Amino acid sequence: MRQIYPAPGDPAGQQADPVGDLARLYAYPGPGGRPWLRANMISSADGAVALAGRSGGLSGPADRLVFAVLRSLADVILVGAGTARAEGYKPVDPRQLIGRLRPASAPPPPIAVITGRLDLGPDDGGLLGAYPGRAPSIVLTTQAAPAARRAAAARHAEVVVTGPGTVTAQAAVAALAGRGYRKILAEGGPGLLGQITAAGLLDELCLTYSPVLAGGAAGRILTPPAPGRAGALAGLELAHVLEDNGYLLCRYLQSGPRPGKDA
């Protein structure tokens, strides 16, 4: 993996400690202040967000390494229910993290899933299962979710009721920040990213371009939260570009004021 933008000061030194180099490139701001929300997405060269319904089909070794680094640096991982089901999410296995990037004895980051109906299958051994050594999931739901499902989920997860009928991006981020999770990593899907951006909550976007042409009807990385509403960021500033075997790993920072954070 090599850095192609901005030009590195010591190209030879990039290979000495790849993980350390990535940790520096993707470091969160210093302690204190408001929560920092980072999204990590992948797209084919022609804009598809998935192959055969899953984003994992677009991934490669460099993308998987960055994926592990971003998870290792995060306090919590935020995901929508549809992505959790499609990608087979489970609580984070500490063996898949890079230990030296986390505070000593820190537990793995929990998965926080947004689900208004709480239809995650609490008995299927997936996201709501109990796994020794893994942080219990956080379920962000509503009062409209069936009480029996909430009770079942609470056996192995922390259930947070954010409001009466809809879990908004603002409510989800506020609930996580209130529990001390300041470094928030959103892993999708497109609907969640659309809500986050429309609310002005996104601080940065990590986007990998996969060197494949997917074709088909796969959507884009962002779905507007309502018809006719663009949900797009006002602007993005390119922070860096890495390249590995045709994959381009880009990090963008939000530029300009955001209603959810800067107004």
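Residues numbered from 1 in each chain as written. Predicted model: local features only at pLDDT ≥ 70, side-chain atom pairs only at ≥ 80, totals over all residues. Heavy atoms only, no water.

Re the overall build of the chain
Under the convention used in this document: Comment: elements are numbered from the N terminus, with helices defined as DSSP H or I runs of at least four residues and strands as E runs of at least two. All radius of gyration figures rest on C-alpha atoms, and the globule criterion is 2.2 Å times the number of residues raised to 0.38. Exposed residues in this analysis have more than 50% of their type's maximum accessible area, buried residues have under 20%, and partly exposed residues fall in between, with area computed by a 1.4 Å probe over protein chains only. Here the positive residues are Lys and Arg and the negative ones are Asp and Glu; neither His nor the chain ends is included. The location of each charge is read from NZ of Lys, CZ of Arg, CG of Asp or CD of Glu.
Looking only at helices and strands, the chain has 6 helices and 10 strands in total. Since a compact globule built from 263 residues should have a radius of gyration of about 18 Å, the 18 Å found for the chain is in line with a globular shape. C-alpha extents for the chain along the principal axes are approximately 60 × 45 × 40 Å. Residues counted as buried form 48% of the 263 residues belonging to the chain. Charged side chains in the chain number 25 positive and 19 negative. The centres of these two groups are separated by 6 Å.

Describing the sheet that holds strand β5 (residues 138-141)
This is how the line gets drawn: For two strands to pair, DSSP has to find at least two bridges joining them. The convention used is that axes are lines fitted to C-alpha atoms, helices contributing only their stretch in contact, and that angles between N-to-C directions extend from 0 to 180 degrees.
With mixed pairing, the 10 strands of this open sheet are ordered in space as β1-β9-β10-β8-β2-β7-β3-β4-β5-β6. In the strand order of this sheet, the two ends are held by β1 (2-5) and β6 (158-161), each with one partner. Averaged over neighbouring strand pairs, the angle between their axes works out to 25° when direction is ignored. Two elements, strand β3 (residues 76-80) and strand β4 (residues 111-114), share 4 bridges in a ladder whose sense is parallel. Across the sheet, Gly80 pairs through a bridge with Ile114, a residue of β4.

Regarding the environment of Val173
The cut-off we apply is this: Contacts: residue pairs with any heavy atoms within 4.5 Å of one another.
Secondary-structure assignment places Val173 in helix α5 (residues 169-178). Distance in space between the C-alpha atoms of Val173 and Gly200 is 12 Å, their sequence separation being 27 residues. Excluding residues within four positions of it along the chain, Val173 makes contact with Leu37, Ile184 and Leu201.

Points about a nonpolar patch on the surface
Selection criterion: Patches were defined on residues exceeding 30% relative accessible area and lacking a salt bridge, with like-charge contacts within 9 Å and nonpolar side-chain contacts (Val, Leu, Ile, Met, Phe, Trp, Tyr) within 5 Å. Accessible surface is estimated by sampling points in the Shrake-Rupley manner with a 1.4 Å probe; for residues, cover comes only from the protein chains shown. Criterion for a salt bridge: a side-chain nitrogen of Lys or Arg within 4 Å of a carboxyl oxygen of Asp or Glu.
The grouping of Ile4, Tyr5, Leu238 and Leu248 at the surface amounts to a nonpolar patch, some 300 Å² of accessible area in total. Checked against the element boundaries, Leu248 lands in strand β10 (residues 247-254). For Leu248, a relative accessible area of 31% puts it in the partly exposed group.

Examining the pairing of β3
The two faces of the sheet receive side chains in turn, since in a regular strand these alternate between them. For β3, the buried fraction is high: 5 of the 5 residues fall into the buried class. Neither face of β3 is exposed, since Val76, Leu78 and Gly80 on one face and Ile77 and Val79 on the opposite face are all buried. Both β3 and strand β7 (residues 183-186) contribute to a ladder of 3 bridges, which runs parallel. Its bridge partner being in β7, Leu78 is matched across the sheet by Ala186.

What to know about the side chain of Asp244
Note the cut-off: In protein, a polar contact requires one atom able to donate a hydrogen and another able to accept it; more generally it is a pair of N or O atoms within 3.5 Å, and residues adjacent in sequence count only if both atoms are side-chain atoms.
Assignment of secondary structure puts Asp244 in strand β9 (residues 236-244). Here Asp244 occupies a buried position and makes no salt bridge, while the nearest side chain of opposite charge, Arg2, is found at 8.0 Å. For Asp244, the side chain forms a polar contact with the main-chain nitrogen of Met1, separated by 3.1 Å. Here Asn245 takes part through its side chain, which lies 3.3 Å from a polar atom of the side chain of Asp244. The residues contacting Asp244, other than those within four sequence positions of it, are Met1 and Ala62.

Considering the nonpolar core
Note the cut-off: Among the buried residues, those of types Ala, Val, Leu, Ile, Met, Phe, Trp, Tyr and Cys that are joined through side-chain atoms within 4.5 Å form a nonpolar core.
If you look at the biggest cluster of nonpolar residues, it comprises 37 residues, and the most contacted ones within it are Tyr26, Leu101, Ile111, Val113, Leu127, Leu128 and Leu249. Counting only elements with at least two residues in this core, the list comes to α1 (18-25), α2 (61-73), β3, α3 (81-86), β4 and β10. Take this core: its biggest share by element is 6 residues, from α2. Apart from the residues within four sequence positions on either side, Leu127 is in contact with Ala84, Tyr89, Lys90, Pro91, Ile111, Val113, Leu120 and Ser137. Counting 32 residues, the second-largest nonpolar core is a separate cluster that includes Val76, Leu192, Leu207 and Tyr252.

Some thoughts on the packing of aromatic side chains
Under the convention used in this document: Centres within 6.5 Å make a pair out of two Phe, Tyr or Trp rings, where for Trp the six-membered ring is used; the pair is then stacked when the planes are under 30 degrees apart, edge-to-face when over 60, and tilted otherwise. Placement of a positive charge over a ring is assigned whenever Lys NZ or Arg CZ falls within 6 Å of the ring centre and within 35 degrees of the normal to the ring plane.
In this structure the tally under the stated criterion is 0 aromatic pairs. Sitting over the ring of Tyr28, Arg38 keeps its end group 4.2 Å from the ring centre.

Some points on the confidence of the model for the chain
Let me state the cut-off plainly: A residue's pLDDT is the predictor's confidence in that residue, given on a scale from 0 to 100.
Per-chain confidence: the chain averages 89 in pLDDT, with 90% of residues scoring 70 or above. By mean pLDDT, α3 is the weakest element of the chain at 89, and β7 is the strongest at 98.

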